[in-house]
Amino acid sequence: MSTPMYAALDIGGTKIAGALVDEAGSVVRRVELPTPARESEARLASTLDAVIDALAVEPAWPAVRGLGIASAGPVDTAAGTVSPVNIPAWRQFPLVESVRSHHALPGRIEPVLLGDAVAVAAAEHWRGAAQGVDHALCMVVSTGVGGGYVLGGRLYPGPSGNAGHIGHISVDLDGPPCACGGRGCLEAYASGTAIARHAQRAGWAPPRGVPATAAAVAASAREGDERALAAYDRSARALAAAIAGSATLLEIEVAVIGGGVAQAGDTLFTPLRRHLKAYATLDFARRVEVRPAALAQDAGLVGAASAARRRAAVAGAAS
């Protein structure tokens, strides 16, 4: 009997990636196409089909037992639809039905949909920094801020698949308005965009020819630039407040931080751990441990495959 495989798709505003993932969570084959984010619904769907086509010609395709989809959100896992903020043509787009109807997908397979940050949480719990942890928050801190929860040893996506939208909880009641309609959201303080913006407002500027990004701010911070250090400290403080809130509400044991901003390493994690001591004051919350994410660019794919693997196991047990 052939070794079981799981197909995975990871859909974002920049790329649509696909992979075949084995039982151990290793990516066996990976394909990727640019997302035609500003083009028509039909053009987007045909690009998605092309990614599946590229996977379907692989020798391991007949061993596929399930297919998972990680998508930028908002998502509605109950309806199988997505409305990614950065893909304007997809509004309540029936993504699950679109994938289900692909000619190469075996009829027995029912695609499973996750939000992209929830997929990262699934990946980190399966074979990353949250492996073996029963209660965890996994965060992606990049252009935006997203997250997903593991509670009681199981992924908790919520009724519509959007649990863990931690980037849009308020960390400052008098903070700036957010595009989501809220005020003082974590994303406005902790994202890479927010870090670069705050540093620039304080007078920081990148070297000539270097884009003004969070990575450039981190490089300046490592050289001792006080304005760059202050921008990361501000981000870390906001993250600490959000993590402490999660620890207090849900008694999480571990907070895993990934995404581009986490690549700053100690520039982020040292002030984050310091501020967390000030915010997580109750005994049970004080024990929360902050860890850097273990998985990189394939986390969404691995997480989608994890969800497909779990659904296949449930279906197998029921049959």
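The numbering scheme is per chain: residues are counted from 1 as the chain's sequence reads. In keeping with the model being predicted, local features are shown solely for residues with a pLDDT of at least 70 and side-chain atom pairs are shown and tallied solely at 80 or more, while totals for entire chains, interfaces and linings include all residues. To get the side-chain values, take all heavy atoms of the structure and skip hydrogens and water.

A. Focus on the pairing of strand E4 (residues 64-71). E4 sits mainly inside the fold: seven of its eight residues count as buried. Two strands pair if DSSP finds at least two bridges between them. Only runs of H or I of at least four residues qualify as helices and only runs of E of at least two qualify as strands under DSSP, and these elements are numbered from the N terminus. The pairing of strand E1 (residues 5-11) with E4 spans seven bridges and is parallel. Its bridge partner lying in E4, Ala8 is registered against Gly68. Examined bridge by bridge, E4 and strand E7 (residues 112-115) share four bridges and lie parallel to one another. If you follow Ile69 over to E7, its bridge partner there is Leu113. Three exposure classes are used, based on accessible area relative to the maximum for each residue type with a 1.4 Å probe and protein chains only: buried under 20%, partly exposed in between, and exposed over 50%.

B. Expanded view of the nonpolar core. As used in this record, nonpolar core signifies buried Ala, Val, Leu, Ile, Met, Phe, Trp, Tyr and Cys residues forming a set joined through side-chain atoms within 4.5 Å. Counting residues in hydrophobic clusters, the biggest one holds 44 residues, and the most contacted among them are Met139 and Ile257. Contributions of two or more residues to this core are made by strand E8 (136-141), strand E9 (145-151), helix H4 (187-190), helix H5 (192-201), helix H6 (214-222), helix H7 (226-250), strand E11 (254-258) and helix H8 (266-279). The element contributing the most residues to this core is H7, with 11 residues. Grouped together as the second largest cluster of nonpolar side chains are 32 residues, Leu114, Ala129, Val254 and Ala308 included.

C. Focus on H5. Those residues of H5 that sit buried are Gly192, Ala194, Ile195, Ala196 and Ala199. By definition in these notes, contact holds between two residues if any of their heavy atoms fall within 4.5 Å. Elements in contact with the buried residues of H5: H4, H6 and H7. A positive phi of about 105° marks Gly203, the residue just after H5.

D. Summary view of the sheet that holds E4. Read from one edge to the other, the open sheet built from five strands follows the order E3-E2-E1-E4-E7, with strand pairing classed as mixed. Of all strands in the sheet, those bounded by a partner on one side alone are strand E3 (27-34) and E7. Within this sheet the neighbouring strands show an average axis-to-axis angle of 20°, counted without direction. Two strands pair when backbone bridges link them, and strand E2 (residues 15-22) and E3 are joined in this way by seven bridges, in the antiparallel orientation. Within E3, the residue paired with Ala19 across the bridge is Arg30. Along the sheet face, helix H1 (residues 41-56) touches E1, E2 and E3 and points at about 25° away from the line of E2. Angles run from 0 to 180 degrees between N-to-C directions of axes, and those axes are lines fitted to C-alpha atoms, restricted for helices to the stretch in contact. Most of the contacts of helix H3 (residues 116-127) go to E7, to which it runs at about 100°, and overall it touches E2, E4 and E7.

E. Up close: unusual backbone geometry. Going from Gly73 to Pro74, the amide bond is cis rather than trans, its omega being 10°. One non-glycine residue, Glu251, adopts positive backbone phi at about 55°. Within the secondary structure, Glu251 is located in the loop between H7 and E11.

F. Inspection of the pattern of salt bridges at higher detail. The working definition used for a salt bridge is a side-chain nitrogen of Lys or Arg within 4 Å of a carboxyl oxygen of Asp or Glu. The full count for this structure, using the stated rule, is 11 salt bridges. With a shortest N-O distance of 2.7 Å, Arg30 and Glu32 are connected by a salt bridge. Residues joined in a network through salt bridges with shared partners are Arg30, Glu32 and Asp298.

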